[in-house]
Amino acid sequence: MNHSIGVIGLGVMGRNIALNMANKGENVAVYNYTRDLTDQLVEKLDGQTISPYYEIKDFVQSLATPRKIFLMVTAGKAVDSVISSLIPHLETGDIIMDGGNSHYEDTERRYHDLKENGIGYLGIGISGGEVGALNGPSIMPGGDKDVYDQVAPILTKIAAQVNGEPCCTYIGPKGAGHFVKMVHNGIEYADMQLIAEAYTFLREKLQLPVDEIADIFETWNQGELKSYLIEITAEILRKKDDKTGLPLIDVILDKAGQKGTGKWTSIQAIDNGIPTSIITESLFARYISALKEERVVAEKILTGPTMEQSNLDKNEWIDHIRQALYMGKVCAYAQGFTQYKMTSELFEWNLPLKDIALIFRGGCIIRAEFLNVISEAYQEQSDLANLLISPYFAEKIQSYQEGLRKVVIEGIQSGITFPCLSASLTYFDSYRKGISNANLLQAQRDYFGAHTYERRDVEGVFHTNWQ
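Residues numbered from 1 in each chain as written. Predicted model: local features only at pLDDT ≥ 70, side-chain atom pairs only at ≥ 80, totals over all residues. Heavy atoms only, no water.

As recorded in an unreviewed UniProt entry, the chain goes by 6-phosphogluconate dehydrogenase, decarboxylating and comes from Mesobacillus maritimus. Here is the UniProt Catalytic activity (unreviewed entry) comment for the chain, exactly as written: "6-phospho-D-gluconate + NADP(+) = D-ribulose 5-phosphate + CO2 + NADPH". Per its UniProt entry, the chain bears the Function (unreviewed entry) comment "Catalyzes the oxidative decarboxylation of 6-phosphogluconate to ribulose 5-phosphate and CO(2), with concomitant reduction of NADP to NADPH." (UniProt positions renumbered as here; feature names shortened; annotations may be inferred.)

Here we come to the nonpolar core. L202, F217, W220, F337, Y340, F360 and I374 are the most contacted members of the largest nonpolar core, which has 82 residues in total. Per-element tally for this core: the top contributor is helix α14 (residues 314-347), with 14 residues. In this structure, V28, V30, M72 and V151 belong to the second largest nonpolar core, which totals 30 residues. (Core = buried A, V, L, I, M, F, W, Y, C linked by side-chain atoms within 4.5 Å. Buried < 20%, exposed > 50% of the residue type's maximum accessible area, 1.4 Å probe, protein only. Helix = DSSP H or I, 4+ residues; strand = E, 2+ residues; numbered from the N terminus.)

Among all residues save glycine, negative phi is the norm, and among peptide bonds the norm is trans. With an omega of -10°, the peptide bond between T65 and P66 qualifies as cis. Mapping P66 onto the fold places it in the loop between α3 (56-61) and β4 (68-71). Positive phi outside glycine occurs at N350, with the angle close to 55°. Assignment of secondary structure puts N350 in the loop between α14 and α15 (353-359).

This model, assessed by the stated rule, comprises 29 salt bridges. Across the pair D211 and K240 runs a salt bridge whose closest N-O atoms are separated by 3.1 Å. Of this pair, D211 sits in helix α9 (residues 210-220) while K240 sits in the loop between α10 (228-238) and α11 (261-271), placing them 29 residues apart in sequence. Classification of D211 as partly exposed rests on a relative accessible area of 39%. Put simply, R238 and D215 hold a salt bridge, and the shortest N to O gap is 2.6 Å. Remark: D215 occurs in helix α9 and R238 occurs in helix α10; sequence separation between them is 23 residues. Each member of the salt-bridge network shares a partner with another, and the members are D80, D98, D106, R109 and R110. (Salt bridge = Lys/Arg side-chain N within 4 Å of Asp/Glu carboxyl O.)

What follows is the structure, given as structure tokens:
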């Protein structure tokens, strides 16, 4: 056989990627470390050109040269293990693609190791979940451009399509693809938390029933907040529990999980001096949610403001929270794209920011209407320092900041936790100030540690004997 591509790892994502490739006309070989997942895929085949293999050597030999192998295995040691098992059977010019959520630094290490053996290596970010993997995800390939060009016909074909354009573009060298996916997930964390906070205000402060809140999200999804996450939130709120008849949201334990990419985003930002406070607060919100047992005990000991019957004008405050959510999302995306920009400059990756925004429009979890506006902003000004100062968003948040301020103040006074809405407001207010309070911090640092300081009026570095 001369299969055009092979897929290793047949969990939900790998199985659906293989089916996607076959449905788009590729002749696909598949292999899984354990036989059961391979057999499960074979049972579900409906005429697709997918051939199962149960030995890695047979799998590799079935592929047309140069061989193209797509890995969909768990990030970490499993990727290294699969690569080690492949190397004895590969030849110069063959290509391995890692479509999992590998850390970009691991991808760079593997890239260099395989390049020494004449093997091309691409770290490919994939977003869209199991449905996206089957029907068309957003794809973020990183590695050598000439290696990408060899597999581009397949990747662009299986990607989501928006207005006839594939949601796949060459991202940059080495680990750039997995880096972009990592930060995408950080933005996703923030976006989800902001939506949860908007829901909390509508539910706890305005005391609206769940069905009415679902209607509100559905309405929002028809305007400038239109996005995948807003859409599924409305659907989630409408779902009833088969067992109790209650809204399913009310029987789900309030304990959020995470798989590490949001954490990696914050760590990378902290290590390189990049302000991603909203993304990091969304991560901490998940951490504190995990302290469920402690929170239940604390609730009996610690008290906050009494949540009184709301006398707020419902329609007025629904619009305030809409504005607050939109502005919070803009600030979160601004932080994510700033992380792209600053890291691109640090590593000399030359990330195509306008194209990244475009490939996020389809398939991926953070797809949203205003990604078109983000792409246009970078199209008009490729070196744009921050999305907040692009003309469209600067004008929008000028009028929406009042809604965010009112919601944050009202929520905090009522004892509602707003880690990301309040962080968004703080980020906006910090960024728009030409003079901050950091001069006092520098004076303190110089006082106790002789760390020196600069002056506003003359150039140079100074130290003062404060005592």
